[in-house]
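# A look at the structure
Each chain, letter by letter, is given below.
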Amino acid sequence: ENKEKLNDWFSECDGILVDFGVSNSQLKSSKGFCVGENSPLDLRMDDDGIPAHKILLYSEMDTLIKIMKAGGVKNAKGLVTDIIERRYLRNHIQTSEDLYELSRHCFSGSDAFSGLNCETSLRINISRVFLALRMFVNNELNEMKFLIKLAETVLNQGSRLVVVLHSRKEEDYFR
């Protein structure tokens, strides 16, 4: 169905440029993209789908571990165990600050990334928590798969697909 809609726009092209980054307007949208702000933990690029705080509240432990591991989070099981524990305490994760603090507590003192000091390792792992959730909430891996299939059908022979990625996990997927 999506392919038919796209074929209405164009049937062939010589190049496709895609940027998988988050825009400034999204960072300023109070949807939890910016770790430094205490805003609702939503992480949706638009208003479709389920917000991140509900994913954390209702998903099973195995699902949350898979989400975190897909984002490259070290000690994903420990973090998810803490998330599940907060459910039982009725202290649900509602904001970006809640998730940041829980992640910071879970990963403090960890040197999960060898060769880096603890503070750098902590910052990377917390960033990956937010990345993993954002990618899941917005179905980004399936969007990337769709992009590749689309490119195969509409790019002329010898054309280019250029993808701008902003994280190691996105790069890993395209490799």
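Residues numbered from 1 in each chain as written. Predicted model: local features only at pLDDT ≥ 70, side-chain atom pairs only at ≥ 80, totals over all residues. Heavy atoms only, no water.

### Details of the overall build of the protein
The secondary structure content of the protein amounts to nine helices and two strands. For the protein, the N- to C-terminal ordering of α and β elements is α-β-α-α-α-α-α-α-α-β-α. Split into buried and exposed, the 175 residues of the protein put 39% on the buried side. When contacts within the protein are restricted to residue pairs at least 6 apart in sequence, long-range pairs at least 24 apart make up 63% of them. Looking at the protein as shown, the accessible area adds up to about 10,600 Å², and 48% of this sits on carbon and sulfur atoms. (Helix = DSSP H or I, 4+ residues; strand = E, 2+ residues; numbered from the N terminus. Buried < 20%, exposed > 50% of the residue type's maximum accessible area, 1.4 Å probe, protein only. Contact = heavy atoms within 4.5 Å. Areas by Shrake-Rupley, 256 points an atom, 1.4 Å probe, with all protein chains shown as cover.)

### Looking at the nonpolar core
Among the nonpolar cores identified, the biggest contains 27 residues, and Leu-41, Leu-56, Met-68, Leu-79 and Leu-133 are the most heavily contacted of them. Sorting the residues of this core by element identifies α3 (52-58), α4 (61-70), α5 (76-88), α6 (96-107) and α7 (118-137) as the ones contributing at least two each. The element contributing the most residues to this core is α7, with seven residues. Apart from residues lying up to four places away in sequence, Leu-133 is in contact with Leu-41, Leu-43, Ala-52, Ile-55, Leu-56, Ile-67, Met-68 and Leu-99. (Core = buried A, V, L, I, M, F, W, Y, C linked by side-chain atoms within 4.5 Å.)

### Here's the deal with α4
Turning to α4, its buried residues number three or more, namely Leu-64, Ile-65, Ile-67 and Met-68. One side of α4 holds all its buried residues, which, seen down the axis, span an arc of 160°. For α4, the exposed residues set more than 90 degrees away from the buried face come down to Asp-62, Lys-66 and Lys-69. Gly-72, located one to two residues past α4, shows a positive phi value of around 85°. (Arc of directions from axis to C-beta.)

### Section: α7
In this model α7 runs 29 Å from its N-terminal to its C-terminal C-alpha over 20 residues, within 8% of the 28 Å that 1.5 Å per residue would give. When you tally the buried positions in α7, you get 14 out of 20 residues, the bulk of the element. Positive backbone phi, approximately 55°, marks Asn-139, located one or two places after α7. (Expected span 1.5 Å × (residues − 1).)

### Observations regarding the side chain of Asn-138
By the secondary structure assignment, Asn-138 is in the loop between α7 and α8 (140-154). Of the polar contacts made by the side chain of Asn-138, one reaches the backbone oxygen of Arg-134; its length is 2.9 Å. Once residues within four sequence positions are removed from consideration, Asn-138 is found in contact with Leu-43, Arg-44, Met-45 and Glu-143. (Polar contact = N/O pair within 3.5 Å; in protein donor to acceptor, adjacent residues only side chain to side chain.)

### Comments concerning the confidence of the model for the protein
Averaged over all residues, the pLDDT of the protein is 81; the fraction at 70 or higher stands at 74%. Considering each helix and strand of the protein separately, the mean pLDDT is smallest for helix α9 (residues 168-174), with a value of 56, and largest for α4, with 95. (pLDDT = per-residue confidence, 0-100.)

### Considerations on the pattern of salt bridges
When charged atoms on two side chains of opposite charge get close, those side chains can pair. For the coordinates displayed, the defined rule picks out four salt bridges. We note a salt bridge from Asp-42 to Arg-44, for which the minimum N-O separation is 2.6 Å. Here Asp-42 and Arg-44 have matching classes, each one buried. The residue Glu-152 makes a salt bridge to Lys-149 at a minimum N-O spacing of 3.8 Å. Of the two residues, Glu-152 and Lys-149 both sit in helix α8, three residues apart, roughly one turn of that helix. (Salt bridge = Lys/Arg side-chain N within 4 Å of Asp/Glu carboxyl O.)

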